[in-house]
Amino acid sequence: EAHNPIGSNSWATGPELNQADHAILANDPHLSLSNPALWYLVEMNATEGDATGSLHAAGVSFPGMPGVLIGYSEDVAWSATVAYWDLVDVYVEELSADKQGIVRDGETIPFIKKTYTFERASGEVTRELLFVPGHGPVTAMGNTTAVTLKSVIADSREDFKLFLGLGETTSLAEAKTLLSGSTAAGFNFTLIDRQGNIAYYPFAGIPRREWDTSVNPPWMPLPGDGSAEWSETLIKSNELPQLYNPPNHFIATAN
């Protein structure tokens, strides 16, 4: 079989398996080199000099992202790879007679219209985008149907705070509490702390698809008629796989 270079992994070992009194963490995101670079090295320190904060983290991040995506604080180190949770569904909507909305459960739901202006070197460009309440933005439209994209990121409120918050954590207990607030990050987080603990917290907000998935499998476009709606509550951290100091003193993940 041909070698497939795509994939990421991480692993952690506890002190019991190491020739040292501390845990070890390794992470290989398997992202190719690019120009400009995807990663940049960063250190954020609000604990020295005249600063009075508790944030001190170093590692790598993406341009424009607040915080450290992969790295360590004074007491905790963390890795991140994509968990591939299914956080998105595509819906095929029936257009209303006037094409100003869609039909769901026999009722007409008008589009929400938002106008955005983009500045370019060649001048300003104004575009009107359509959204379907409860489903998301319209990505395509035909004579009788429209396609919408529903994602948990639409209701995400805390995810960008995760990587700033990790830089202030002092234990895996604090890190777990922080990561349990994740909705859309969708990462395999493998972590260690200065006390020698190791953990795996792949937390996100997973949609509850409680319809008959043998009839409407979620990896296919779904009917927008109301028969394939997410439940109000997401599957969260207390229901997702996780590990803390497993008896073999070893954690390995791959995607």
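Quick caveat, the model's predicted, so the values are computed rather than measured.

Caption draft 1: Highlighting unusual backbone geometry. In the segment running from Asn35 into Pro36, the intervening peptide bond is cis, with an omega of 10 degrees. Residue placement: Pro36 occurs in the loop between strand S2 (24-28) and strand S3 (40-45). You will see that Asn245, though not glycine, has its phi angle at about 45 degrees, which is positive. Secondary-structure assignment places Asn245 in the loop between strand S17 (243-244) and strand S18 (250-254).

Caption draft 2: Here's a closer look at the side chain of Asp89. With respect to the element layout, Asp89 can be found in strand S7 (residues 88-95). Among the polar contacts listed, one links the side chain of Asp89 to the side chain of Arg209, at a separation of 2.9 Å. At 2.8 Å, the side chain of Asp89 forms a polar contact with the side chain of Trp230. When sequence neighbours within four positions are dropped, the list of residues in contact with Asp89 reads Thr148, Leu149, Lys150, Arg209, Trp211, Pro218, Leu222 and Trp230.

Caption draft 3: Local environment of helix H1 (residues 159-166). When H1 is considered as a whole, its buried residues turn out to be Asp159, Leu162, Phe163, Gly165 and Leu166. Projected down its long axis, H1 carries its buried residues within an arc of 160 degrees, all on one side. Where the residues of H1 are buried, they touch strand S6 (76-82), helix H2 (172-179) and strand S14 (187-193).

Caption draft 4: Up close: the nonpolar core. Counting 24 residues, the largest nonpolar core has Trp78, Phe163, Leu166, Leu179, Phe187, Phe189 and Leu191 as the members making the most contacts within it. Among the elements of the structure, strand S4 (56-61), S6, H1, H2 and S14 are those that each provide at least two residues to this core. For Leu166, the contacting residues outside a window of four places in its chain are Ser73, Trp78, Ala175, Leu178, Leu179, Phe189 and Leu191. In terms of nonpolar packing, the next biggest core, distinct from the first, is built from 10 residues, Ala204, Ile206, Leu222 and Leu240 among them.

Caption draft 5: Up close: the pairing of strand S13 (residues 145-151). With 7 bridges joining them, S7 and S13 adopt antiparallel strand pairing. Counterpart to Asp89 in the pairing with S13 is Lys150. Summarising the sheet, strand S12 (residues 136-141) and S13 pair through 3 bridges and their orientation is antiparallel. Along S13, the bridge assignment pairs Met141 with Ala146.

Caption draft 6: Spatial organisation of a negative patch on the surface. A cluster of acidic residues, Glu94, Asp105, Glu107 and Asp225, forms a negative patch on the protein surface. The residue Glu94 is located in strand S7 in this model.

Caption draft 7: Quick look at the sheet that holds S14. With antiparallel pairing, 7 strands are arranged side by side in an open sheet as S3-S4-S5-S6-S14-S15-S17. Single-partner strands in this sheet number two, and they are S3 and S17. Direction of pairing for S6 relative to S14: antiparallel, over a ladder of 7 bridges. Looking at the pairing, Thr81 lines up with Asn188 of S14.

Procedures and definitions
Residues numbered from 1 in each chain as written. Predicted model: local features only at pLDDT ≥ 70, side-chain atom pairs only at ≥ 80, totals over all residues. Heavy atoms only, no water. Helix = DSSP H or I, 4+ residues; strand = E, 2+ residues; numbered from the N terminus. Polar contact = N/O pair within 3.5 Å; in protein donor to acceptor, adjacent residues only side chain to side chain. Contact = heavy atoms within 4.5 Å. Buried < 20%, exposed > 50% of the residue type's maximum accessible area, 1.4 Å probe, protein only. Arc of directions from axis to C-beta. Core = buried A, V, L, I, M, F, W, Y, C linked by side-chain atoms within 4.5 Å. Pairing = 2+ DSSP bridges. Patch = residues over 30% accessible without salt bridge, like charges linked within 9 Å, V, L, I, M, F, W, Y side chains within 5 Å. Areas by Shrake-Rupley, 256 points an atom, 1.4 Å probe, with all protein chains shown as cover. Salt bridge = Lys/Arg side-chain N within 4 Å of Asp/Glu carboxyl O. Lys, Arg positive; Asp, Glu negative; His and termini not counted. Charge placed at Lys NZ, Arg CZ, Asp CG, Glu CD.

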